[in-house]
Amino acid sequence: QVQLVESGGGLVQPGGSLRLSCAATGSIFSINDMGWYRQAPGKRRELVAAITRGGYIHYADSVQGRFTISRDNGANTMYLQMNSLRPEDTAVYYCNAGVRRSVLRGESMYWGQGTQVTVSS
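Summary of the structure given here. (Residues numbered from 1 in each chain as written. Predicted model: local features only at pLDDT ≥ 70, side-chain atom pairs only at ≥ 80, totals over all residues. Heavy atoms only, no water.)

**Focus on the overall build of the protein**
On a plain count of helices and strands, the protein comes out with 0 helices and 11 strands. Taken from the N to the C terminus, the helices and strands of the protein come in the order β-β-β-β-β-β-β-β-β-β-β. In terms of overall size, the protein behaves like a compact globule, its C-alpha atoms giving a radius of gyration of 14 Å where 121 residues would be expected to give roughly 14 Å. On the principal axes, the C-alpha backbone points of the protein span a range of 50 × 25 × 25 Å. Counting over 121 residues, the protein shows a buried share of 40%. Taking as baseline every contact in the protein between residues at least 6 positions apart, the subset at least 24 positions apart corresponds to 55%. Counting every atom, the protein has about 6,400 Å² of accessible surface; 47% of that belongs to carbon and sulfur. On the protein, the mean spot of the 12 positive side-chain charges and the mean spot of the 8 negative ones are 5 Å from each other. (Helix = DSSP H or I, 4+ residues; strand = E, 2+ residues; numbered from the N terminus. Rg over C-alpha atoms; globule rule 2.2 N^0.38 Å. Buried < 20%, exposed > 50% of the residue type's maximum accessible area, 1.4 Å probe, protein only. Contact = heavy atoms within 4.5 Å. Areas by Shrake-Rupley, 256 points an atom, 1.4 Å probe, with all protein chains shown as cover. Lys, Arg positive; Asp, Glu negative; His and termini not counted. Charge placed at Lys NZ, Arg CZ, Asp CG, Glu CD.)

What follows is the structure, given as structure tokens:
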């Protein structure tokens, strides 16, 4: 089994910062692409940022310049540093990863359980 566990969410004032973590545990051979998504009430889940195993990064336009995605391949962990937070960043944030459980298996997509980020004064 593979589990993705997010942490670091919470309540922050506008302009503040939070750092999210996503740790992958279980039977893991390798992790390819990883990403952060978010879903606000009444809205569709959207991609926030993604990072490949080799370090190629993509950001949604709405977070470019404010959020920084990174990963530690040795620790099977991904991070999202969120600065200059706005009320519109309020959502449940989910991590996603493409995981191979062994050299003989193909890739499967896994999701974390989500962590709430609330930006409010």
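Okay, back to it.
**Here we look at the sheet that holds strand β3 (residues 18–26)**
Judged by pairing direction, the sheet is antiparallel, and its 4 strands sit side by side in the order β1-β3-β8-β7 without closing on themselves. With partners counted over all chains shown, the strands left at the sheet margins are β1 (2–7) and β7 (67–72), one partner each. The average angle at which neighbouring strand axes cross in this sheet is 15°, direction not considered. For β1 and β3, the ladder comprises 6 bridges, and the chain directions are antiparallel. Residue pairing in the sheet places Glu 6 in a bridge with Cys 22 of β3. (Pairing = 2+ DSSP bridges. Axes fitted to C-alpha atoms, helices over the stretch in contact; angles between N-to-C directions.)

**Things to note about a nonpolar patch on the surface**
A cluster of nonpolar side chains, Phe 29, Val 103 and Leu 104, forms an exposed patch at the surface whose accessible area comes to about 370 Å². Relative to the elements of secondary structure, Leu 104 occurs in the loop between β9 (91–100) and β10 (107–111). Residue Leu 104 is classed as exposed on the basis of its relative accessible area of 80%. (Patch = residues over 30% accessible without salt bridge, like charges linked within 9 Å, V, L, I, M, F, W, Y side chains within 5 Å. Salt bridge = Lys/Arg side-chain N within 4 Å of Asp/Glu carboxyl O.)

**Points about the pairing of strand β8 (residues 77–82)**
Among the 6 residues that make up β8, 5 are buried, leaving the element largely enclosed by the rest of the structure. In this sheet, β8 lies alongside β3 in antiparallel orientation, the contact comprising 6 bridges. Bridge assignment links Arg 19 to a residue of β8, and that residue is Gln 81. Both β7 and β8 contribute to a ladder of 6 bridges, which runs antiparallel. What sits directly across from Asp 72, in β8, is Thr 77. Turn length for the β7-β8 hairpin, with the two strands adjacent in sequence and antiparallel, is 4 residues, and the turn residue Asn 76 shows positive phi of about 50°.

**Notes on unusual backbone geometry**
For Asn 76, which is not a glycine, the phi torsion comes out positive at approximately 50°. Tracing the backbone through its elements, the reader meets Asn 76 in the loop between β7 and β8. A positive phi angle is found at Ser 84, which is not glycine, with a value near 50°. Relative to the assigned elements, Ser 84 resides in the loop between β8 and β9.

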